[in-house]
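Chain residues, written in single-letter form:
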Amino acid sequence: MPVASEESLAATTVGVVGCGLMGSGIAEVFARAGHAVIVHEVDAAAAARGRRRVERSLAKAAASGKLTDGDVEAALDRITFGSDLDALGPVELCIEAASEDATLKLELFQRLDAIIKDEDAILASNTSSVPITRLGTATRRPAQVIGVHFFNPAPVLPLVEVVPGLLTSPDVVRRVRELAERDLGKTVILSKDRAGFVVNALLVPYLLSAVRMVEAGFATPSDIDAGMRGGCAHPMGPLRLADLIGIDTVVAIATSMFAEFKEPLYAPPPMLSRMVDAGLLGRKSGRGFYDYPLSDIEEN
């Protein structure tokens, strides 16, 4: 890949807050690109689980021939896992990948703003739906706050949405876009700061429509998914995709979009809320619209 300019974020020390499905993938992407990565989790046990997620993902990449054993070892050596938020003090770019909870994210941005020493450091969020402008105004550096939205699994899917807030500096947008394209090898699209951004603003109403079909008894999940795969050449049906994303995450994104736009197509169907109440969160819990083997269940 081309070498980034001196004013870019090449060789940046990156912080990642949260090491679940998304955070672990983001940490891996940066480590594979040669960056030192400091990962924060809520406690030592969660940090250990995050490390195991990265190890499993790297092992799969090696088994498929995409990485050598040396690549795997080098990537792991670049990542430090811990539970002390103060360890993020020296980072030049910090990406928040915590749960899709606006209150939690706002609190994290306030704390990161106080902890990260470099006034030019960029604070980014992997949020799907929380307004970037709102996160920026929770800090003393709103010009340095931006959305950098990866897609699951981050080491595989090529897209990154870059989302400036109303106060984000154009230079920050340029630097982040250059990093994602040149260094990480990602395809970048720019979005205005609106709930759902580009991809989820289109995707979530589609997923919710499929859920409403099931809820109304119109068709079974397997028939709906087969219809979209066979009739529209989608690689995965909407209900299988909802299970992969996580039913709780779909509800959180839909709720945020409905709160912003008040459009009925964004309102989460009651069936989804009941599934969250019952712990039927999709692949990560072992059951959603489909059942999954134990090997697919996300480690809790």
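Higher on the page you've got the structure.
Counting from 1, residues in each chain are numbered in the order their sequence is written. At least 70 in pLDDT is required for a residue's local features to be given in this predicted model, at least 80 for side-chain atom pairs to be given and counted, and no such filter applies to totals for whole chains, interfaces and linings, which use all residues. For side-chain calculations, the full set of non-hydrogen atoms in the structure is used, while hydrogens and water are omitted.

Some thoughts on the packing of aromatic side chains
As a reminder of what qualifies: Each Phe, Tyr or Trp ring (for Trp, its six-membered ring) is paired with any other whose centre lies within 6.5 Å, and the angle between the two planes then decides the class: stacked below 30 degrees, edge-to-face above 60, tilted in between. Helix and strand labels come from DSSP, where a helix needs a run of H or I of at least four residues and a strand needs a run of E of at least two; each type is numbered from the N terminus. Throughout this description, buried means an accessible area under 20% of the type-specific maximum (1.4 Å probe, protein chains only), exposed means over 50%, and partly exposed covers the range between.
Tallied over the full model, the rule gives 2 aromatic pairs. Between the aromatic rings of Phe30 and Phe150, the centroid separation amounts to 6.3 Å while the plane-to-plane angle is 65°, which identifies the pairing as edge-to-face. Taken as a pair, Phe30 in helix H1 (residues 21–32) and Phe150 in strand E6 (residues 145–150) lie far apart in primary sequence, 120 residues in all. One exposure class covers both Phe30 and Phe150, and it is buried. Between Phe261 and Tyr266, the aromatic rings sit 5.7 Å apart at their centres with planes inclined by 50°, giving tilted as the arrangement. Relative accessible area serves as the criterion here: at 27%, Phe261 is assigned to the partly exposed category.

Remarks on the state of the cysteines
The condition is simple: Defined by distance alone, a disulfide is two cysteine sulfur atoms within 2.5 Å.
Across all of its chains, the model carries 0 disulfides by this definition. Left unpaired, Cys19 is separated from the closest cysteine sulfur, that of Cys94, by 13 Å.

As for the pairing of strand E5 (residues 122–125)
Where we set the bar: Note: two strands are recorded as paired if DSSP finds a minimum of 2 bridges between them. By definition, the crossover connecting two strands over a helix is right-handed if that path, from the first strand to the second, turns clockwise as seen with the strands pointing away from the viewer.
Side chains Ile122 and Ala124 of E5 all project onto a buried face; the interleaved residues Leu123 and Ser125 project onto the opposite face, where all are buried too. Pairing of strand E4 (residues 93–96) with E5 involves 4 bridges; the strand directions are parallel. Note that in E5 the partner of Cys94 across the bridge is Leu123. Running through helix H4 (residues 102–115), the crossover from E4 to the neighbouring parallel element E5 is right-handed.

With respect to empty space enclosed by the protein
As a reminder, the rule being used: Here a cavity is any set of points on a 1 Å grid over the protein atoms alone where a 1.4 Å probe fits but cannot get out, and a pocket is any open set with protein on both sides within 12 Å along at least 5 of 7 lines; a residue lines the site when it has an atom within 4 Å of a point. Grid points are joined across faces, edges and corners, and a volume is the space filled by probe spheres set on the points. Classification used: nonpolar for Ala, Val, Leu, Ile, Met, Phe, Trp, Tyr, Cys and Pro, charged for Asp, Glu, Lys and Arg, polar for all others including Gly.
By the definition in use, this model includes 2 cavities of 30 Å³ or more. Of the volumes computed, that of the largest cavity is approximately 60 Å³. Lining the largest cavity, in full, are Phe30, Leu93, Ile95, Ala124, Val148, Phe150, Val176, Leu179, Ala180 and Leu184. Those elements giving two or more residues to the lining of the largest cavity turn out to be E4, E6 and helix H6 (170–183). At 3 residues, the largest contribution of residues to the lining of the largest cavity is made by H6. Considering only residue class, the lining of the largest cavity consists of 10 nonpolar, no polar and no charged. Approximately 40 Å³ is the volume attributed to the second largest cavity.

Points about the environment of Asn152
Our working rule: It only takes one pair of heavy atoms within 4.5 Å for two residues to be counted as in contact.
Locating Asn152 in the fold gives a position in the loop between E6 and strand E7 (159–164). Put simply, Asn152 and Thr127 are 25 residues apart on the chain and 12 Å apart in space, counted from C-alpha to C-alpha. Beyond its immediate stretch of four places on either side in the chain, Asn152 contacts Leu21, Met22, Leu157 and Leu244.

Looking at the nonpolar core
Rules: By convention a nonpolar core is built from buried Ala, Val, Leu, Ile, Met, Phe, Trp, Tyr and Cys residues, the set being connected through side-chain atoms within 4.5 Å.
Judged by nonpolar contacts, the single largest core of 39 residues is most densely connected at Ile26, Phe30, Val37, Val39, Leu93, Ile146 and Phe150. With 6 residues, the top contributor of residues to this core is H1. Beyond its immediate chain neighbours, meaning those up to four positions away, Leu93 contacts Thr12, Thr13, Val14, Gly15, Phe30, Ile122, Ala124 and Leu179. Leu208, Leu239, Val251 and Met257 belong to the second largest nonpolar core, which has 25 residues in total.

Some details on the sheet that holds E4
Our working rule: In this description, a line fitted to the C-alpha atoms serves as the axis of each element, helices being fitted only across the stretch in contact, and the angle between N-to-C directions of two axes falls anywhere from 0 to 180 degrees.
Here we have 8 strands laid out as an open sheet, ordered E3-E2-E1-E4-E5-E6-E7-E8, and mixed in their pairing. Edge strands, defined here as strands with exactly one partner in the open sheet, are strand E3 (79–82) and strand E8 (187–190). On average, each strand axis in the sheet is tilted by 25° relative to the strand beside it, whichever way the strands run. Packing against the sheet, H6 makes contact with E4, E5, E6, E7 and E8, and its axis sits at approximately 155° to E8.

Some thoughts on H4
Quick note on the threshold: Helix span, as expected, comes to 1.5 Å for every residue beyond the first. Under this definition, polar contacts are N or O atom pairs within 3.5 Å; protein pairs additionally need one hydrogen-donor-capable and one acceptor-capable atom, and for neighbouring residues in sequence, both atoms have to be side-chain atoms.
For H4, with 14 residues, the first-to-last C-alpha span of 20 Å sits near the 20 Å given by 1.5 Å per residue. Among the residues of H4, Lys105, Leu106, Leu108, Phe109, Leu112, Asp113 and Ile115 are the ones counted as buried. Considering only its buried residues, H4 is in contact with strand E1 (14–17), E4, E5, helix H5 (132–136) and E6. N-cap assignment for H4: the residue whose side-chain oxygen lies 3.0 Å from the backbone N of Thr103 is Asp101.

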